[in-house]
Amino acid sequence: MNIVILTGAGISAESGVPVFRGDDGLWEGHRVEDVATPEGFRRDAEKVHQFYNQRRRKVQAVEPNPAHRALARLAREGSHRVVLITQNIDDLHERAGSPEVLHMHGELLKSRCEECGKVSVCRHDLSRASICDACGGIDCLRPHVVWFGEMPIHLDWIQQELERADEFVSIGTSGRVYPAAGFVEIANESGAKTLELNLDPSEVSGAFDVSRHGPAGELVPAWVDGLIG
(Lines give C-alpha, C1' and ligand atoms only; values in the text may rest on other atoms or scores of the structure.)
Protein backbone atom coordinates (compact mmCIF):
# COMPACT_ATOMS: atom_id res chain seq x y z
CA MET A 1 0.00 0.00 0.00
CA ASN A 2 1.22 3.49 -0.89
CA ILE A 3 0.82 5.97 1.96
CA VAL A 4 1.46 9.65 1.29
CA ILE A 5 1.87 11.75 4.44
CA LEU A 6 1.85 15.54 4.68
CA THR A 7 3.07 17.22 7.86
CA GLY A 8 2.78 20.86 8.87
CA ALA A 9 3.68 23.23 11.68
CA GLY A 10 1.51 21.43 14.23
CA ILE A 11 3.80 18.40 14.42
CA SER A 12 6.91 20.47 15.12
CA ALA A 13 5.11 22.85 17.50
CA GLU A 14 5.03 20.00 20.02
CA SER A 15 8.84 20.03 19.96
CA GLY A 16 8.90 23.75 20.68
CA VAL A 17 9.26 25.08 17.13
CA PRO A 18 7.08 28.22 16.79
CA VAL A 19 4.27 28.01 14.24
CA PHE A 20 4.69 30.03 11.08
CA ARG A 21 2.26 32.85 11.81
CA GLY A 22 0.35 33.80 14.95
CA ASP A 23 -3.14 35.24 15.28
CA ASP A 24 -1.61 38.72 15.09
CA GLY A 25 -0.26 38.00 11.61
CA LEU A 26 3.33 38.16 12.80
CA TRP A 27 6.03 35.49 12.59
CA GLU A 28 8.01 35.60 15.84
CA GLY A 29 7.38 39.33 16.11
CA HIS A 30 8.15 40.20 12.48
CA ARG A 31 5.93 41.06 9.54
CA VAL A 32 5.94 38.17 7.09
CA GLU A 33 6.53 40.65 4.25
CA ASP A 34 9.81 41.69 5.88
CA VAL A 35 11.34 38.27 6.52
CA ALA A 36 9.64 35.79 4.17
CA THR A 37 9.56 37.42 0.75
CA PRO A 38 12.20 38.03 -1.94
CA GLU A 39 11.33 41.73 -1.73
CA GLY A 40 12.05 41.79 2.00
CA PHE A 41 15.43 40.16 1.37
CA ARG A 42 16.30 42.72 -1.28
CA ARG A 43 15.29 45.59 1.03
CA ASP A 44 17.22 44.41 4.07
CA ALA A 45 19.21 41.20 3.61
CA GLU A 46 21.00 41.60 6.94
CA LYS A 47 17.71 41.75 8.84
CA VAL A 48 16.50 38.60 7.09
CA HIS A 49 19.78 36.80 7.81
CA GLN A 50 19.55 37.72 11.50
CA PHE A 51 15.97 36.41 11.66
CA TYR A 52 16.88 33.04 10.12
CA ASN A 53 20.08 32.81 12.17
CA GLN A 54 17.94 32.94 15.30
CA ARG A 55 15.54 30.32 13.97
CA ARG A 56 18.44 28.09 12.91
CA ARG A 57 19.81 28.16 16.45
CA LYS A 58 16.38 27.44 17.95
CA VAL A 59 15.72 24.46 15.68
CA GLN A 60 19.07 22.88 16.54
CA ALA A 61 18.24 23.20 20.25
CA VAL A 62 14.99 21.17 20.13
CA GLU A 63 14.39 17.44 19.69
CA PRO A 64 12.00 15.27 17.66
CA ASN A 65 8.84 14.27 19.49
CA PRO A 66 6.87 10.98 19.53
CA ALA A 67 5.00 11.92 16.33
CA HIS A 68 8.25 12.38 14.38
CA ARG A 69 9.62 9.12 15.75
CA ALA A 70 6.43 7.20 14.96
CA LEU A 71 6.54 8.27 11.30
CA ALA A 72 10.19 7.23 11.10
CA ARG A 73 9.25 3.86 12.57
CA LEU A 74 6.50 3.44 9.97
CA ALA A 75 8.95 4.10 7.14
CA ARG A 76 11.58 1.74 8.57
CA GLU A 77 9.51 -1.13 9.93
CA GLY A 78 6.18 -1.12 8.11
CA SER A 79 5.40 -3.12 4.99
CA HIS A 80 3.88 -0.04 3.34
CA ARG A 81 5.58 2.31 0.92
CA VAL A 82 5.71 5.68 2.69
CA VAL A 83 6.18 9.06 1.01
CA LEU A 84 6.73 11.79 3.61
CA ILE A 85 6.12 15.39 2.52
CA THR A 86 6.57 18.27 4.94
CA GLN A 87 5.76 21.96 4.85
CA ASN A 88 8.23 22.41 7.70
CA ILE A 89 11.74 23.73 7.15
CA ASP A 90 13.25 22.06 10.24
CA ASP A 91 15.15 18.76 10.22
CA LEU A 92 13.20 16.98 12.96
CA HIS A 93 11.91 14.22 10.67
CA GLU A 94 15.46 13.39 9.60
CA ARG A 95 16.76 13.45 13.17
CA ALA A 96 13.94 11.12 14.19
CA GLY A 97 15.18 8.63 11.58
CA SER A 98 12.90 9.12 8.56
CA PRO A 99 14.96 7.92 5.58
CA GLU A 100 13.58 10.31 2.95
CA VAL A 101 11.69 13.59 3.37
CA LEU A 102 10.38 15.92 0.66
CA HIS A 103 10.71 19.47 1.99
CA MET A 104 8.32 21.40 -0.23
CA HIS A 105 9.15 24.72 1.47
CA GLY A 106 12.90 24.21 1.64
CA GLU A 107 15.25 23.55 4.55
CA LEU A 108 16.40 25.97 7.22
CA LEU A 109 19.69 24.15 7.74
CA LYS A 110 20.76 24.70 4.16
CA SER A 111 21.87 27.77 2.21
CA ARG A 112 21.59 28.52 -1.50
CA CYS A 113 23.87 30.64 -3.64
CA GLU A 114 22.01 33.11 -5.86
CA GLU A 115 24.99 33.23 -8.23
CA CYS A 116 25.77 29.57 -8.93
CA GLY A 117 22.72 27.85 -7.41
CA LYS A 118 24.73 25.56 -5.09
CA VAL A 119 22.74 24.27 -2.12
CA SER A 120 24.89 23.51 0.93
CA VAL A 121 24.40 22.31 4.50
CA CYS A 122 24.38 25.35 6.78
CA ARG A 123 24.29 25.03 10.56
CA HIS A 124 25.99 28.37 11.24
CA ASP A 125 25.00 32.02 10.96
CA LEU A 126 24.84 33.73 7.57
CA SER A 127 25.41 37.38 6.72
CA ARG A 128 26.02 39.52 3.66
CA ALA A 129 29.74 38.83 4.18
CA SER A 130 29.28 35.05 3.88
CA ILE A 131 31.21 33.44 1.00
CA CYS A 132 29.90 30.68 -1.26
CA ASP A 133 32.26 27.72 -0.98
CA ALA A 134 31.43 26.69 -4.56
CA CYS A 135 31.93 29.87 -6.60
CA GLY A 136 33.62 32.17 -4.08
CA GLY A 137 30.90 34.80 -4.38
CA ILE A 138 30.26 37.27 -1.55
CA ASP A 139 26.82 38.58 -0.52
CA CYS A 140 25.12 35.91 -2.59
CA LEU A 141 23.98 33.34 -0.02
CA ARG A 142 20.39 33.11 1.22
CA PRO A 143 18.43 30.63 3.34
CA HIS A 144 17.29 27.65 1.28
CA VAL A 145 13.64 28.27 2.10
CA VAL A 146 10.63 29.02 -0.08
CA TRP A 147 9.31 32.52 0.49
CA PHE A 148 5.95 34.00 -0.50
CA GLY A 149 5.96 34.62 -4.23
CA GLU A 150 8.26 31.64 -4.89
CA MET A 151 7.35 28.19 -6.19
CA PRO A 152 7.33 25.28 -3.70
CA ILE A 153 9.80 22.46 -4.37
CA HIS A 154 9.08 18.91 -5.66
CA LEU A 155 5.52 19.75 -6.85
CA ASP A 156 5.61 17.50 -9.92
CA TRP A 157 6.88 14.56 -7.84
CA ILE A 158 4.28 15.24 -5.13
CA GLN A 159 1.48 15.34 -7.72
CA GLN A 160 2.54 11.94 -9.07
CA GLU A 161 2.68 10.42 -5.59
CA LEU A 162 -0.76 11.77 -4.67
CA GLU A 163 -2.24 10.30 -7.84
CA ARG A 164 -0.90 6.83 -7.00
CA ALA A 165 -1.64 6.97 -3.25
CA ASP A 166 -3.82 4.37 -1.56
CA GLU A 167 -4.03 6.54 1.56
CA PHE A 168 -3.30 10.23 2.18
CA VAL A 169 -2.69 11.41 5.73
CA SER A 170 -2.41 15.06 6.78
CA ILE A 171 -0.81 15.78 10.15
CA GLY A 172 -0.62 19.11 11.96
CA THR A 173 -1.64 21.33 9.05
CA SER A 174 -3.90 24.38 9.04
CA GLY A 175 -5.37 23.80 5.58
CA ARG A 176 -4.86 27.50 4.80
CA VAL A 177 -1.72 27.42 2.66
CA TYR A 178 -1.91 26.32 -0.96
CA PRO A 179 -0.94 24.24 -2.82
CA ALA A 180 -0.64 21.91 0.20
CA ALA A 181 -4.23 22.58 1.28
CA GLY A 182 -5.38 21.14 -2.06
CA PHE A 183 -3.54 17.83 -1.71
CA VAL A 184 -6.55 16.13 -0.10
CA GLU A 185 -8.68 16.93 -3.17
CA ILE A 186 -6.09 15.38 -5.49
CA ALA A 187 -6.01 12.28 -3.28
CA ASN A 188 -9.82 12.10 -3.22
CA GLU A 189 -9.99 12.34 -7.00
CA SER A 190 -7.46 9.50 -7.22
CA GLY A 191 -9.61 7.26 -5.02
CA ALA A 192 -7.32 7.26 -1.97
CA LYS A 193 -8.57 7.00 1.58
CA THR A 194 -7.95 10.28 3.41
CA LEU A 195 -7.22 10.87 7.09
CA GLU A 196 -6.63 14.07 9.04
CA LEU A 197 -4.72 14.01 12.35
CA ASN A 198 -4.77 17.52 13.76
CA LEU A 199 -5.03 19.37 17.05
CA ASP A 200 -8.18 21.11 15.78
CA PRO A 201 -10.21 20.78 12.58
CA SER A 202 -8.30 22.32 9.67
CA GLU A 203 -9.79 24.66 7.07
CA VAL A 204 -10.27 21.63 4.79
CA SER A 205 -11.26 19.11 7.44
CA GLY A 206 -14.56 18.35 5.70
CA ALA A 207 -12.72 16.99 2.64
CA PHE A 208 -11.24 14.05 4.60
CA ASP A 209 -12.92 10.67 5.01
CA VAL A 210 -11.89 10.61 8.67
CA SER A 211 -10.65 13.38 10.99
CA ARG A 212 -9.17 12.75 14.42
CA HIS A 213 -8.33 15.67 16.68
CA GLY A 214 -5.79 15.90 19.46
CA PRO A 215 -2.02 16.25 20.00
CA ALA A 216 0.10 14.78 17.20
CA GLY A 217 2.33 13.17 19.82
CA GLU A 218 -0.61 10.99 20.83
CA LEU A 219 -2.56 10.53 17.59
CA VAL A 220 0.32 9.67 15.27
CA PRO A 221 1.92 6.89 17.39
CA ALA A 222 -1.54 5.35 17.91
CA TRP A 223 -2.21 5.42 14.16
CA VAL A 224 1.18 3.87 13.38
CA ASP A 225 0.68 1.18 16.02
CA GLY A 226 -2.59 0.30 14.33
CA LEU A 227 -0.80 -0.15 11.01
CA ILE A 228 2.25 -2.13 12.07
CA GLY A 229 1.52 -3.29 15.63
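Residues numbered from 1 in each chain as written. Predicted model: local features only at pLDDT ≥ 70, side-chain atom pairs only at ≥ 80, totals over all residues. Heavy atoms only, no water.

As named in an unreviewed UniProt entry, the protein chain is NAD-dependent protein deacylase, taken from Haloferula rosea. UniProt's Sequence similarities (unreviewed entry) comment on the protein chain is quoted here verbatim: "Belongs to the sirtuin family. Class III subfamily." Taken from UniProt, the Subcellular location (unreviewed entry) comment for the protein chain reads in full: "Cytoplasm". (UniProt positions renumbered as here; feature names shortened; annotations may be inferred.)

### A closer look at the pairing of strand E8 (residues 141-145)
Among the 5 residues in E8, 5 count as buried, and that is most of the element. Pairing between strand E6 (residues 106-113) and E8: 5 bridges, direction antiparallel. Note on E8: the bridge partner recorded for Gly106 is Val145. (Buried < 20%, exposed > 50% of the residue type's maximum accessible area, 1.4 Å probe, protein only. Helix = DSSP H or I, 4+ residues; strand = E, 2+ residues; numbered from the N terminus. Pairing = 2+ DSSP bridges.)

### Brief notes about the environment of Thr37
Checked against the element boundaries, Thr37 lands in the loop between helix H2 (32-35) and helix H3 (38-43). Not counting residues within four places of it along the chain, the set of residues in contact with Thr37 comprises Val32, Trp147 and Phe148. Of note is the side chain of Thr37, whose polar atom sits 2.7 Å from the backbone oxygen of Glu33. (Contact = heavy atoms within 4.5 Å. Polar contact = N/O pair within 3.5 Å; in protein donor to acceptor, adjacent residues only side chain to side chain.)

### So, the packing of helix H5 (residues 66-77) against helix H9 (residues 216-228)
When two helices pack together, you describe them by how their axes are tilted relative to each other and by the distance separating the axes. The N-to-C vectors of H5 and H9 enclose an angle of 20 degrees; their axes lie 7 Å apart at closest approach. On the basis of the axis angle, H5 is roughly parallel to H9. In the crossing of H5 with H9, the sense of the turn from one axis to the other is left-handed. Between H5 and H9, the contacting residues are Pro66, Ala67, Ala70, Leu71, Arg73, Leu74 and Glu77 on the first element and Ala216, Gly217, Val220, Pro221, Trp223, Val224, Asp225, Leu227 and Ile228 on the second. Among the residues forming the contact of H5 with H9, the class breakdown is 12 nonpolar, 1 polar and 3 charged. (Axes fitted to C-alpha atoms, helices over the stretch in contact; angles between N-to-C directions. Parallel < 35°, antiparallel > 145°, perpendicular 65-115°, else oblique. Left-handed = near helix turned anticlockwise from the far one by under 90°. Nonpolar A, V, L, I, M, F, W, Y, C, P; charged D, E, K, R; others polar.)

### Notes on the pairing of strand E10 (residues 193-198)
Of all the 6 residues making up E10, 5 are buried; the element is thus mostly covered by neighbouring parts of the structure. The pairing of strand E9 (residues 167-171) with E10 spans 5 bridges and is classified as parallel. Across the sheet, the residue bridging to Ser170 is Glu196, located in E10. In this sheet, strand E11 (residues 210-213) lies alongside E10 in parallel orientation, the contact comprising 4 bridges.

### Observations regarding the nonpolar core
By size, the foremost hydrophobic cluster in this structure holds 19 residues, and its most contacted members are Ile85, Phe168 and Phe183. Contributing elements (two or more residues each) for this core: strand E1 (2-7), strand E4 (81-86), helix H7 (155-163) and helix H8 (183-189). Of all the elements, H8 adds the most residues to this core, at 4 residues. Those residues in contact with Phe183, other than ones at most four positions away along the chain, are Leu6, Met104, Ile158, Leu162 and Phe168. The next biggest cluster of nonpolar side chains, apart from the first, holds 18 residues, and it includes Leu74, Leu219, Trp223 and Val224. (Core = buried A, V, L, I, M, F, W, Y, C linked by side-chain atoms within 4.5 Å.)

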